[in-house]
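In case you want the letters, here they are:
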Amino acid sequence: MISYEPFWLTLRISDETTYTLIHKHHISSSTLNRMRYNKAISTATLGRLCEILKCDVDDILQYEPDEQN
């Protein structure tokens, strides 16, 4: 499973907020909501978030093995 836990930590220490991501950088609120629930987002969005937050992909997501497998 992909977890966006690192994103929320990275966002917290950045100069950005969910408000600025939505209103200044035009990241949709539905994308942020999908990230809250660890749902899939596009690689284009991942790249955009890395650009905005000046970070690497591993600062946005991490892989966690499913406990069922």
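Bear in mind that the values here come from a model prediction, so they are computed numbers and not experimental data.

One non-glycine residue, His26, lies in the positive phi region at around 60°. By the element assignment, His26 lies in the loop between α2 (18-23) and α3 (29-36). A relative accessible area of 65% places His26 in the exposed class. Backbone geometry places Lys54, a non-glycine residue, at a positive phi of 55°. Among the structural elements, Lys54 can be located in the loop between α4 (43-53) and β2 (62-63).

Thresholds applied
- Residues numbered from 1 in each chain as written.
- Predicted model: local features only at pLDDT ≥ 70, side-chain atom pairs only at ≥ 80, totals over all residues.
- Heavy atoms only, no water.
- Helix = DSSP H or I, 4+ residues; strand = E, 2+ residues; numbered from the N terminus.
- Buried < 20%, exposed > 50% of the residue type's maximum accessible area, 1.4 Å probe, protein only.

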